[in-house]
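Per-entry structural report
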Amino acid sequence: MFFTYLGRELRRRSRQALVIALGLALGIGLTITVSAYSSGVKAAQEQVLKSLYGVGTDITVTQTATRGSGGSQSFGATGQSQTGTGTKTTSVAQDTASVTPGTGTITSATLAKIDKLSGVSDAVGSLSLSDFNVSGALKQSVTQTPSTSSTSGTGGNSRGSGGSGGGSFSAGPPSFNGSFSSTTIEGVDVTNSATGPLSSLSVASGRALTSSDAKSAVAVVNSSYATQKSIKVGATETLGGTKFTVVGIATTTSSEDYFIPLYEAQTISKETGKVTTVYVKAASSTQINSVASEIKSAASGATVSTSAELASSVSGSLSSAGSLIVNLGKWLSIAVLAAAFLIAALLTVSAVSRRTREFGTLKAIGWTSRRVVRQVIGESIITGLVGGAIGIGVGFAGAAAIKKFAPTLTASGSTSSASNTSGGGFAGGGGGFASAASKANDITVHLTAPVGMGILGLAVALAVLGGLLAGGIGGWRASSLRPAAALAKVS
Amino acid sequence: MYEISGLTKIYQGKGKNEKVHALQGVDVVIPDNDMLAIQGPTGHGKSTLLQLLGGLDRPTGGSLKFDGQEMAKMGEMSLTKLRAQNFGYIFQGFNLIPTLTAQENVETALVPLGVSKVERRERAAKALTDVGLGERLGHLQTELSGGQQQRVAIARALVKEPKVILADEPTGNLDEETRDDIFGLLEKLWADLGLTVIMVTHDSALSKRVPRLAQIKNGKLTIKRERAGATGV
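Residues numbered from 1 in each chain as written. Chains lettered and ligands numbered in written order. Predicted model: local features only at pLDDT ≥ 70, side-chain atom pairs only at ≥ 80, totals over all residues. Heavy atoms only, no water.

On to the overall build of chain A, then. Each helix and strand counted, chain A has 12 helices and 20 strands in total. Scored against the burial criterion, the 491 residues of chain A give a buried share of 49%. Within chain A, contacts between residues separated by at least 24 positions form 83% of all contacts whose residues are at least 6 apart in sequence. Counting every atom, chain A has about 21,300 Å² of accessible surface; 57% of that belongs to carbon and sulfur. (Helix = DSSP H or I, 4+ residues; strand = E, 2+ residues; numbered from the N terminus. Buried < 20%, exposed > 50% of the residue type's maximum accessible area, 1.4 Å probe, protein only. Contact = heavy atoms within 4.5 Å. Areas by Shrake-Rupley, 256 points an atom, 1.4 Å probe, with all protein chains shown as cover.)

Every contact between the two is made by 21 residues of chain A and, on the other side, 24 residues of chain B. Taken together, both faces of the contact between chain A and chain B bury some 2,200 Å²; the carbon and sulfur share is 63%. Considering only the surface of chain A that becomes buried against chain B, Met1, Ile365 and Arg482 of chain A emerge as the three largest contributors, covering 30% of it. Where chain A packs against chain B, one counts two salt bridges. Asp57 of chain B serves as the salt-bridge partner of Arg482 of chain A, at 3.4 Å between the closest nitrogen and oxygen. (Buried area = accessible area lost by both parts, 1.4 Å probe. Salt bridge = Lys/Arg side-chain N within 4 Å of Asp/Glu carboxyl O.)

Residues and elements named next belong to chain A. The final tally for this structure, using the stated rule, is 23 salt bridges over all chains. When the shortest N-O distance is used, the salt bridge between Glu9 and Arg12 registers 2.9 Å. Of this pair, Glu9 and Arg12 are both found in helix 1 (residues 2-12), three residues apart, which corresponds to roughly one turn of the helix. Note that Glu9 is salt-bridged to Arg355, the shortest N-O span being 3.5 Å. Taken together, the positions of Glu9 in helix 1 and Arg355 in the loop between helix 8 (317-354) and helix 9 (356-364) put the pair 346 residues apart, joining distant regions of the chain.

Before going further, it helps to examine the layout of surface pockets. One number sums up the size of the largest pocket: a volume of about 730 Å³. Ala488 of chain A together with Ser47, Thr48, Gln51 and Asp168 of chain B are the residues nearest the centre of the largest pocket, which is lined by 31 residues in total. Put simply, the parts of the chain that give the lining of the largest pocket at least two residues each are helix 12 (483-488) of chain A together with strand 2 (19-30) and helix 1 (46-53) of chain B. Looking at the lining of the largest pocket, its residues break down into 11 nonpolar, 14 polar and six charged. (1 Å grid on protein atoms, 1.4 Å probe; cavity = no way out; pocket = protein on both sides within 12 Å on 5 of 7 lines; lining within 4 Å. Points joined across faces, edges and corners; volume = space filled by probe spheres on them. Nonpolar A, V, L, I, M, F, W, Y, C, P; charged D, E, K, R; others polar.)

Residue and element names in this part refer to chain A. Relative to each other, helix 10 (residues 369-405) and helix 11 (residues 453-480) sit at 150 degrees, their axes nearing to 6 Å. Our classification of the angle between helix 10 and helix 11 gives roughly antiparallel. Relative to helix 11, the crossing made by helix 10 is right-handed. Taken together, the residues of the contact of helix 10 with helix 11 break down into 17 nonpolar, 10 polar and no charged. (Axes fitted to C-alpha atoms, helices over the stretch in contact; angles between N-to-C directions. Parallel < 35°, antiparallel > 145°, perpendicular 65-115°, else oblique. Left-handed = near helix turned anticlockwise from the far one by under 90°.)

By size, the foremost hydrophobic cluster in this structure holds 51 residues, and its most contacted members are Phe359 and Trp367 of chain A together with Val106, Leu128, Val152, Ile154 and Met199 of chain B. When near neighbours in sequence (up to four residues on either side) are disregarded, Val106 of chain B contacts Ala124, Ala127, Leu128, Val152, Ala155, Arg156 and Val159 of chain B. (Core = buried A, V, L, I, M, F, W, Y, C linked by side-chain atoms within 4.5 Å.)

All names here are of chain B. Along strand 3 (residues 35-39), five of the five residues are buried, which leaves the element largely enclosed by surrounding structure. Going residue by residue along strand 3, you find Met35, Ala37 and Gln39 tucked away on one face and Leu36 and Ile38 tucked away on the opposite face as well. Two elements, strand 3 and strand 8 (residues 196-200), share four bridges in a ladder whose sense is parallel. Across the sheet, Ala37 pairs through a bridge with Met199, a residue of strand 8. (Pairing = 2+ DSSP bridges.)

Residues and elements named next belong to chain A. On the surface, Leu18, Leu22, Ile382, Leu385, Val386, Ile390, Val394 and Val460 cluster together into a nonpolar patch covering about 580 Å² of accessible area. Of all the secondary-structure elements, those providing two or more residues to the nonpolar patch are helix 2 (14-53) and helix 10. If one sorts the elements of the nonpolar patch by residue count, helix 10 sits on top with five residues. Take Ile390: it is sitting in helix 10. (Patch = residues over 30% accessible without salt bridge, like charges linked within 9 Å, V, L, I, M, F, W, Y side chains within 5 Å.)

The subject of this paragraph is the UniProt feature "transmembrane region" (unreviewed entry) in chain A. Residues and elements named next belong to chain A. In the numbering used here, UniProt assigns the feature "transmembrane region" (unreviewed entry) to residues 331-353, 380-402 and 451-473. Span residues 331-353 is 100% helix and 0% strand, its end C-alpha atoms 32 Å apart. What you have in residues 451-473 is 91% helix and 0% strand, and the ends, taken at the C-alpha atoms, are 32 Å apart. (UniProt positions renumbered as here; feature names shortened; annotations may be inferred.)

Residue and element names in this part refer to chain A. Scored by pLDDT, chain A comes out at a mean of 76, with 74% of its residues at no less than 70. Confidence, read as mean pLDDT per element, is least for strand 8 (residues 154-156) in chain A (40) and greatest for strand 15 (residues 258-261) (94). Below pLDDT 50 for its whole length, residues 147-167 participates in 68 contacts with residues either more than four positions away or in separate chains. (pLDDT = per-residue confidence, 0-100.)

This next bit is on the sheet that holds strand 6 (residues 87-90) of chain B. Residue and element names in this part refer to chain B. Across the sheet, which stays open at both edges, the six strands sit in the order 6-7-8-3-9-10 with mixed pairing between neighbours. With one partner strand each, in any of the chains shown, strand 6 and strand 10 (220-225) form the two edges of the open sheet. For this sheet, the mean angle separating the axes of adjacent strands, direction not counted, is 20 degrees. As paired elements, strand 6 and strand 7 (residues 164-168) share four bridges and run parallel to each other. Across the sheet, the residue bridging to Ile90 is Ala167, located in strand 7. Set on the sheet, helix 5 (residues 146-158) makes contact with strand 6 and strand 7; between it and strand 6 the angle comes to about 170 degrees.

Moving on to the pairing of strand 17 (residues 277-282) of chain A. All names here are of chain A. Most of strand 17 sits out of view: five of its six residues are buried. Where strand 1 (residues 59-64) and strand 17 come together, four bridges link them in antiparallel fashion. Paired with Thr60 across the bridge in strand 17 is Tyr279.

Once that is clear, we can look at the confidence of the model for chain B. Residues and elements named next belong to chain B. In the predicted model, chain B carries a mean pLDDT of 89, and the fraction of residues at 70 or more is 97%. Element-level pLDDT for chain B is lowest in helix 7 (residues 204-209), with a mean of 84, against a maximum mean of 96 in helix 3 (residues 102-107). Scored below 50 in pLDDT, residues 229-233 makes 10 contacts in the model with residues more than four places away or belonging to other chains.

Within the secondary structure layout, Lys42 of chain A lies in helix 2. In this structure Lys42 of chain A comes out as exposed when scored by relative accessible area, which is 52%.

Here it is, written out as structure tokens:
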């Protein structure tokens, strides 16, 4: 009787039931779309974090550089000539790898100490290097008798992300005509691919770095850089004056150009036993904050960042999209859902009011109030589920629209809070290189809006809730009257 | 069956302190297998008394006993159960559920008694056959005439085999010929099944045919005609 009565009533009021269902569908569809969008933004943020800090990294440890501690550079000059006008020309060709300016180093002893802390599941170090390649001619007016000794100088440099440029360098009286280029190198622990930057690499061609490469001059190249420079697997690249064989091309949104074994990176930069970043995986997510505190004590002066802090450092349009979801999407879906529930409840109450005599009759012949309420709620839940089904369709359509029309988002993250510009210049003074101190990474991600089982479950739950709410209110209204009063109502 | 004494019912009027005294101390005894018609002007308490007898409302004062149980003091669930088991109600407007067939409408009276679906269908079909609608089981309200609709309502009232049939103007919406048919049916059922029938009617023709007649005026009931051998007020 329950289902017969329910089905017939819904058929009789099909138009009104459809209006209620569509209202709920709109609210549920919007909620699904917003949730899917939110999931997409979250996934994008995770992708960014993964790119920047590797998979499964809970904490990163970096060392703030001390002023003037930038990697030393020495530029050797090879060959020289003198023009007839009294200008001395010195050929310069130098390829030097040094710790990324503004970044301090952490000793292997500190890394080992962190690895042994209770609550640390895994700790792996990496060494971020900048490779600077300069070649050209240094011209200098000759005011003294030319010397045959090489011109050399020391000094630090600091620079931004990879790139190259040509032009003249003026250093006061001396002037430089030539080109320079810079690349970024990440020395990675090839014995541990589960944590740290190695975990974010996805080999597109060739092979990945393995533990047998620990002391081999081999490199994996970032695919975007490889495309830009037409580097193929098997090519030989000179990094820090050492020739490396390219064994793989990997896709990664990381900004590093080359990935080489940590030992090799330490060797070419003369930073034996040192790393610039320690990637830490906590034994459990609940221990992250306590482990971070322990690391702060163990590595004094180090900058310890948890994944939550890293997430908050992600900025750019991706962050804006995330904020938009939180601020606008959430409230919009709540408002629409609340309005849909309210409309559904009002329409149900209105429908029930028209059936007051009907329910009064049923109560007069012995139906309990609970049975009457159950009947009304049953009708409302079916209406809600129809709305939920339509809403899921609307939600999928919304998610598909987001996937198709959403703009590509960018995020920028900073892996170092240090800012340092090391002074220095070429011999002869007057010149220096300076660029951004911290390593800023711009990551581009395409936003998706995945509709997971959880979201679908939420939709069904909302549909049932909407039905319960509308039916509960309507049913309560229907059953609250005594039969005599209900029968006296004019329908 | 019913022992009623000093029964009152006061409704809240439209004004704050306005009270409507629908029943002002009704005393009457209605024995088993009685057939009582209650007459009276509109608004003098006929339907109110019928609703109190059927447990559709609660009295303001006095005593209303059914088979020795004080209905005024019963809980809501007990009263609902009493209605489901003992009272068959027939309304002037038939009050059928428009989306259900004749058979399904009759079945609704058996739902609260926990009767199985198969038995419900059988009993409903039999009840409809008994009132002459054996060929109309699957018809909706809109497919039935007024007289047929009232027969469905009578079948619904009878299917649970109640002790009392309470009828509020059961022929009020019917033409004369149909009225006679319906009343004839009620008389037959009363005689055959040994039911107690209490009906409210304006129809003086019907009043003449019932064994016992009462009149309500200004909320007070008086017996106008006693059934032979019956115990009156």
